[in-house]
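What the coordinates show
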Amino acid sequence: MIRSFGVDEILFLLQSTGWTLVLTITASLLGGILALGVALARISTHSVAREIARVYIAIVQGVPVLMVLFLSFYGLAHAGLELPPIIAASIALSIYASAYLGDIWRGAIESVPRQQWEASASLALTRRQQYRYVILPQSVKIALPPTVGFLVQLVKNTSIVSIVSVVELTRAGQLINNVTFQPFKVFVAVAVIYLAICYPMSRASRRLEERFRVYRGG
Amino acid sequence: MSIVVVDNVRKSFAANEVLKGVSLTVERGQVVALVGRSGSGKSTLLRCLNGLEVIDGGRIEVAGHPMDYHPAKLRALRQDVGIVFQSFNLFPHLSVGENIMLAPGLVKGCARLEARKLAEQVLARIGLLEKIDAYPDSLSGGQQQRVAIARSLAMQPRVMLFDEVTSALDPELTEEVLAVVEQLARDGMTMLLVTHEMTFARRVADMTVFMNQGRIWESGESERIFRQPQTPEFRQFLSSTLK
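What counts and what doesn't
Residues numbered from 1 in each chain as written. Chains lettered and ligands numbered in written order. Predicted model: local features only at pLDDT ≥ 70, side-chain atom pairs only at ≥ 80, totals over all residues. Helix = DSSP H or I, 4+ residues; strand = E, 2+ residues; numbered from the N terminus. Rg over C-alpha atoms; globule rule 2.2 N^0.38 Å. Contact = placed C-beta atoms within 7 Å. Buried ≥ 20, exposed ≤ 12 C-beta atoms within 10 Å, placed from the backbone. Nonpolar A, V, L, I, M, F, W, Y, C, P; charged D, E, K, R; others polar. pLDDT = per-residue confidence, 0-100. Pairing = 2+ DSSP bridges. Expected span 1.5 Å × (residues − 1). Axes fitted to C-alpha atoms, helices over the stretch in contact; angles between N-to-C directions.

Topic: the overall build of chain B
Along chain B, the regular secondary structure elements total nine helices and ten strands. What you see for chain B is a C-alpha radius of gyration of 18 Å, in line with the 18 Å of a compact globule of 243 residues. With the principal axes as the frame, chain B shows a C-alpha extent of 55 × 40 × 35 Å. Sequence-distant contacts, at least 24 apart, represent 63% of the contacts inside chain B between residues at least 6 apart.

Next comes the structure, spelled out in structure tokens:
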């Protein structure tokens, strides 16, 4: 039986959007924590830590997210660790986010002038204090636009987890299309929902950037 | 005992030996000017004194701290040795007051109120108390440099290092910074300054050290060696800077 694209279907899409958001938020938070570690390791004074972080970034960035997803879903299952799809998907996306955010933040930290390190070291601050009070606050401003840019990508890239049967927004659209045969309506609706999530993020980023500028000009 | 001891110090950057066995002592309350062409090693020598550059040979002792690059030892030395840079290097995300309060709060554990008082005190000393809540990028270069001096003073250092602190400034701004440095000298602060301001060095420094090719080429009481340079290199350097 062919169903029409009505209120129920739209509600189903919105409900599935919840999973898209859950995946995005989990991957941002978990990936973000990992990324800070990756970024700091990448510029650590310990050469081993630096090398490990470099290789990690190179591998994750050089492999399709889909492979990371397959590995954490089918791979781990094969190894005896059967994870619910949503967990495997969250892990895969977090790993993906950690490598990209880690690299973005490394760049932001490194773009703080060397003299800021020298001035704070000369005031007898510990390395941890230098990061906490001098370097990271300045990096945040530099890192903000590319970070939000990446998170917008992340929202859209959560769609790939539909492949391990997590019913997020894209998968929900496919399912509805399968029963309604109204691809144009369905996928425009899906696209509009993605846009409704991503556009405000970009806007907020721009506004934050301006606020930082005003604050610094104080 | 001398407050700064530099004994046969060597330092290379890759194959380029910048300091070729430099020895120097500075007594408490003494003001020493380091002069010479760029590339003569004077800034490197200054930066070696607070461990920003790691020496390859020789011995350094500052304010009773033998140079030791272990982080905790280095921090102990740096608490007693202030440095002011050519490019000011204020923390742009912090207000003037916060720039000054940061290290006393973190390193010496000053309470916020106490640190604030300290900031007011050092800012009054350099004549910029009214800028305590301003941000660095709203200040002129000269004002920023004076704040950098105040930030250093707030740690109550026993020795102050000045690395070409007026080289990035216009002539009129140079004057206001030099006035602050001169006042510090009169207050009895021990300091070493790398400078291109020869008249200032002659007037304010007790001793002037002329560096050339990584060596101390000529040094002595400022008044005397400016009047009677002993080496042709220093004589030529002086005549080229007076032009």
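Points about the overall build of chain A
From N to C terminus, chain A includes eight helices and zero strands. When the helices and strands of chain A are placed in sequence order, the string is α-α-α-α-α-α-α-α. Over its C-alpha atoms, taken along the principal directions, chain A stretches across nearly 75 × 50 × 20 Å. Put simply, chain A has 218 residues, and 35% of those count as buried. Contacts in chain A between residues at least 24 apart in sequence constitute 76% of all its contacts with a sequence separation of at least 6.

Some remarks on the interface of chain B and chain A
Facing 20 residues of chain B, the contacting portion of chain A comprises 17 residues. Elements supplying a minimum of two residues to the side of chain B that touches chain A: helix H2 (71–80) and helix H3 (96–107) of chain B. Considering each element in turn, the side of chain B that touches chain A owes the most residues, four residues, to H3 of chain B. For the side of chain B that touches chain A, the class distribution of residues is eleven nonpolar, six polar and three charged.

Quick look at the environment of Ile126 of chain B
Residues and elements named next belong to chain B. Looking at where Ile126 falls in the secondary structure, it is placed in the loop between helix H4 (112–125) and helix H5 (141–153). Judged by the 22 C-beta atoms lying within 10 Å of it, Ile126 falls in the buried class. A C-alpha to C-alpha distance of 25 Å links Ile126 and Val62, two positions 64 residues apart in sequence. For Ile126, the contacting residues outside a window of four places in its chain are Arg146, Ile149, Ala150 and Val180.

Looking at the confidence of the model for chain A
Residues and elements named next belong to chain A. Residue-level pLDDT values for chain A average 91, and 96% of them are 70 or greater. When pLDDT is averaged over each element of chain A, helix H5 (residues 114–122) comes out on top at 97 and helix H8 (residues 183–217) at the bottom at 84. Contacts from residues 214–218, a stretch scored under 50 in pLDDT, to residues over four places away or in other chains number eight contacts.

A few points about the pairing of strand S2 (residues 16–26) of chain B
All names here are of chain B. Where strand S1 (residues 4–13) lies against S2, eight bridges are found, and the strand directions are antiparallel. Bridge pairing in S2 links Val9 to Val22. Between the end of S1 and the start of S2, which pair antiparallel, lie two residues, with Ala14 showing a positive phi angle near 55 degrees.

Thoughts on H5 of chain B
All names here are of chain B. Taking 1.5 Å of rise per residue, 13 residues should cover 18 Å, and H5 covers 18 Å from first to last C-alpha, within 8% of that figure. Along H5, twelve of the 13 residues are buried, which leaves the element largely enclosed by surrounding structure. Those residues of H5 that sit buried are Gly142, Gln143, Gln144, Gln145, Arg146, Val147, Ala148, Ile149, Ala150, Arg151, Ser152 and Leu153. On its buried face, H5 sits against strand S6 (81–84), H3, H4, strand S7 (159–163) and helix H6 (171–186).

Comments concerning the sheet that holds strand S3 (residues 31–35) of chain B
All names here are of chain B. Pairing within the open sheet is mixed, and its six strands lie in the order S6-S7-S8-S3-S9-S10. The open sheet has two edge strands, S6 and strand S10 (215–221), and neither has a second partner. Direction aside, neighbouring strands of the sheet carry axes that sit 15 degrees apart on average. By the bridge criterion, four bridges tie S3 to strand S8 (residues 190–194) in an arrangement that is parallel. Its bridge partner being in S8, Val31 is matched across the sheet by Met191. Packed on one face of the sheet, H5 meets S6 and S7 and runs near 170 degrees to S6.

Notes on the sheet that holds S2 of chain B
Backbone hydrogen bonds hold the strands of a sheet together, and the pairing may be parallel or antiparallel. Residues and elements named next belong to chain B. Sheet architecture is open: four strands sit in the order S2-S1-S4-S5, paired in antiparallel fashion. The open sheet has two edge strands with one neighbour each: S2 and strand S5 (65–66). Pairing of S1 with strand S4 (residues 57–62), which is carried by five bridges, proceeds in the antiparallel orientation. Bridging from a neighbouring strand, Val4 pairs with Val62 of S4.

Considerations on the pairing of S3 of chain B
All names here are of chain B. Among the five residues that make up S3, five are buried, leaving the element largely enclosed by the rest of the structure. Where S3 meets strand S9 (residues 207–212), four bridges bridge the pair, whose relative direction is parallel. Each bridged residue has a counterpart across the sheet, and for Val32 the counterpart in S9 is Met207.

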